[in-house]
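Survey of secondary and tertiary structure
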Amino acid sequence: MADRSKITLAPGTLTLNQAREINRGAVHLSLTDDCLEQIERSVITVRNVVEQGRVIYGINTGFGLLANTVIPNDELEQLQHAIVLSHSAGIGALMKESTVRLMMTLKVNSLARGYSGIRLKVIEALIALINADVYPCIPTKGSVGASGDLAPLAHMSTVLLGEGEVTHHGEKLPGEEGLKIAGLKPIVLGPKEGLALLNGTQASTAFALQGLFGAEDLFAAAVVAGSLSVEAALGSRRPFEHLVHEIRGHKSQIDVAAAYRSLLAHSEIEKSHEGCEAVQDPYSLRCQPQVMGACLTQIRHAADALIIEANAVSDNPLVFAEQCDIISGGNFHAEPVAMAADNLALALAEIGALSERRMAVLIDTHMSKLPPFLVQKGGLNSGFMIAQVTAAALASENKSLSHPASVDSLPTSANQEDHVSMATFAGRRLAEMYENTAGILAIELLAACQGLDFRAPLKTSRSLEKAKALLRRVVPFYDKDRYFAPDIRKAADLVQSGCLNDLVSKDLLPSLGDQHSC
């Protein structure tokens, strides 16, 4: 227990900082007591509906196009059992344990708000699995993001029945064995409980939240790398002055410009070229606050949308105990998540695109006044020539991956579910874009620090010297051609570690808060 965070969840109040912590590693989850009454009241409401013989979708009917088929009371348990098994139709590689853990926590958070008609016993079983590091094996593909993430959540739920498979400390086991590890026995689901487990946007939201956290880490790294490139290229500070950005008015642009000013302040390199004849820098250096500010706007908007969804009740139908009513709606439609993920994709693509262009400036001796391709004895040595090609290839891939998923839709369930969000893919593809953009930033970071070494003995600012030192701990100066790939991997590890987050204001990015990355 000492090596895991303890999170006491008041349903509907999950924070981005808590979600980031859950994504980071194993947690011990518990619920506050004040949610228990509402959970029980919703269960009683469902029970009363069954006893009164009222026909309500998902409680005593079939599903989807079969909603008009009434199911007799003596088959309701079988109905809920069958929907879990039949909907476990996912395919592809398994979700990472971090994704599953986050998804399960989001499902607990939603169900425990008490609008789903599911017993506390079932919710506590999910919590027990999380706390025991028992994670259902869930294929990544098979959801269109409406009617909820049916297939992924069904695979999660099979384990509660003693079926399916789990992973525990890296070992794949039968679902029933996973239950035993968590101190559980197979559960017999009551009316509506199977549907409550399966219906919801938690898989899409988990993928999108992971994309958000990755985008924040890469954004911080990009601001640091971009500042290093300004220094290496002897760039001007004037474009970052607050007057320029205040009269345009975009808050994120103003905030980002301030971050650059802070990182670049008090530099020997700056003083060395105060009287230079250069008039204007290339856009990739000069327009960083404008482009990165626009990216930050997308990240902040996505954060707002996703934390709302992380706390939402998104299954169907919804149980309103106070009104003694059960209403079929469409909160399972993950369009808000799909659009938020698409916005994050735009931000990731542009962060990478701008980084690649800055790196291209550095290797061009006519623009940077540095040795060609950032290496001595050019010709004998090729230096950073092909590293820039790699960055260009990754930036190009991101352009294709950033195509919006939310504009696509294919009808399902015999046209009953005739418009869907594609939110699951929208969120899932962010992982590949994250890896691509981390690679691009790694190459820029290597190039910028190489350029700074050529400016010695002049030093950059204290903050940027810290960033350079972090890289130089793992990658030495490139004095002649050597096997390049390991350098890129080590630099990418630094970018992805979040260590560079500590060099920018925690207020800049939504989920960083008081967390320290290194």
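Here the structure is a predicted model, which means the values were calculated and not measured. (Residues numbered from 1 in each chain as written. Predicted model: local features only at pLDDT ≥ 70, side-chain atom pairs only at ≥ 80, totals over all residues. Heavy atoms only, no water.)

Counting its regular elements, the protein contains 21 helices and nine strands. Dimensions of the protein, computed from C-alpha atoms along their principal axes, come out at roughly 85 × 50 × 45 Å. Counting all 518 residues of the protein, 57% fall into the buried class. A separation of at least 24 residues holds for 78% of the contacts in the protein among residues at least 6 apart in sequence. Just so you have it, the protein exposes about 21,400 Å², and 54% of that area is on carbon and sulfur atoms. Distance between charge centres in the protein, computed from 45 positive and 57 negative side chains, equals 7 Å. (Helix = DSSP H or I, 4+ residues; strand = E, 2+ residues; numbered from the N terminus. Buried < 20%, exposed > 50% of the residue type's maximum accessible area, 1.4 Å probe, protein only. Contact = heavy atoms within 4.5 Å. Areas by Shrake-Rupley, 256 points an atom, 1.4 Å probe, with all protein chains shown as cover. Lys, Arg positive; Asp, Glu negative; His and termini not counted. Charge placed at Lys NZ, Arg CZ, Asp CG, Glu CD.)

Next up on the list: the environment of proline 152. With respect to the element layout, proline 152 can be found in helix H6 (residues 150–158). You can call proline 152 buried: its relative accessible area is 1%. Sequence separation between proline 152 and leucine 195 is 43 residues, and the spatial gap between their C-alpha atoms is 13 Å. Leaving out residues up to four positions away in the same chain, proline 152 has contacts with Met95, Met103, Ile138, Ser143 and Ala203.

On to the pairing of strand S6 (residues 165–168), then. Across three bridges, strand S4 (residues 134–136) lies against S6 in antiparallel orientation. If you follow tyrosine 135 over to S6, its bridge partner there is threonine 167. What sits between the antiparallel neighbours S6 and strand S7 (residues 171–174) is a turn of two residues, in which histidine 169 has the positive phi angle 55°. (Pairing = 2+ DSSP bridges.)

Moving on, we come to the nonpolar core. Core analysis: the biggest nonpolar cluster contains 165 residues, and Leu197, Leu209, Phe219 and Phe384 have the highest contact counts within it. By residue number, the principal contributor to this core is helix H9 (residues 202–232), which donates 19 residues. Residues in contact with leucine 209, not counting those within four places in the same chain, are Leu16, Ala19, Leu102, Leu106, Leu306 and Ala310. (Core = buried A, V, L, I, M, F, W, Y, C linked by side-chain atoms within 4.5 Å.)

A few words on the pairing of S7. Of the pairings in the sheet, the one linking S6 to S7 comprises four bridges and is antiparallel in character. Residue pairing in the sheet places threonine 167 in a bridge with lysine 172 of S7.

For the structure shown, the criterion picks out 18 salt bridges. With a shortest N-O distance of 2.9 Å, arginine 20 and glutamate 216 are connected by a salt bridge. You can see arginine 20 sitting in helix H1 (residues 16–24) and its partner glutamate 216 sitting in helix H9, a full 196 residues away along the chain. On the basis of relative accessibility, which here comes to 7%, the residue arginine 20 falls in the buried class. Residue classification places glutamate 216 among the buried residues on the basis of a relative accessible area of 0%. The salt bridge involving arginine 358 is made with glutamate 444; its shortest N-O contact spans 2.6 Å. Here arginine 358, found in helix H15 (residues 335–363), pairs with glutamate 444, found in helix H19 (residues 430–454); they are 86 residues apart in sequence, far enough to count as distant. Glutamate 444 carries the same exposure label as arginine 358, and that label is buried. Sharing partners across several salt bridges, the network here consists of Arg20, Glu216 and Asp217. (Salt bridge = Lys/Arg side-chain N within 4 Å of Asp/Glu carboxyl O.)

We now examine the sheet that holds S7. Spatially, the three strands line up as an open sheet ordered S4-S6-S7, and their pairing is antiparallel. What marks the edges here is a single partner per strand, and that holds for S4 and S7. Averaged over all pairs of adjacent strands, the angle between their axes in this sheet comes to 35°, without regard to strand direction. Sheet strands touched by helix H4 (residues 97–111): S4 and S6. Its angle to S4, the strand with the most contacts, is close to 90°. (Axes fitted to C-alpha atoms, helices over the stretch in contact; angles between N-to-C directions.)

Distances and angles like these do not, on their own, reveal function.
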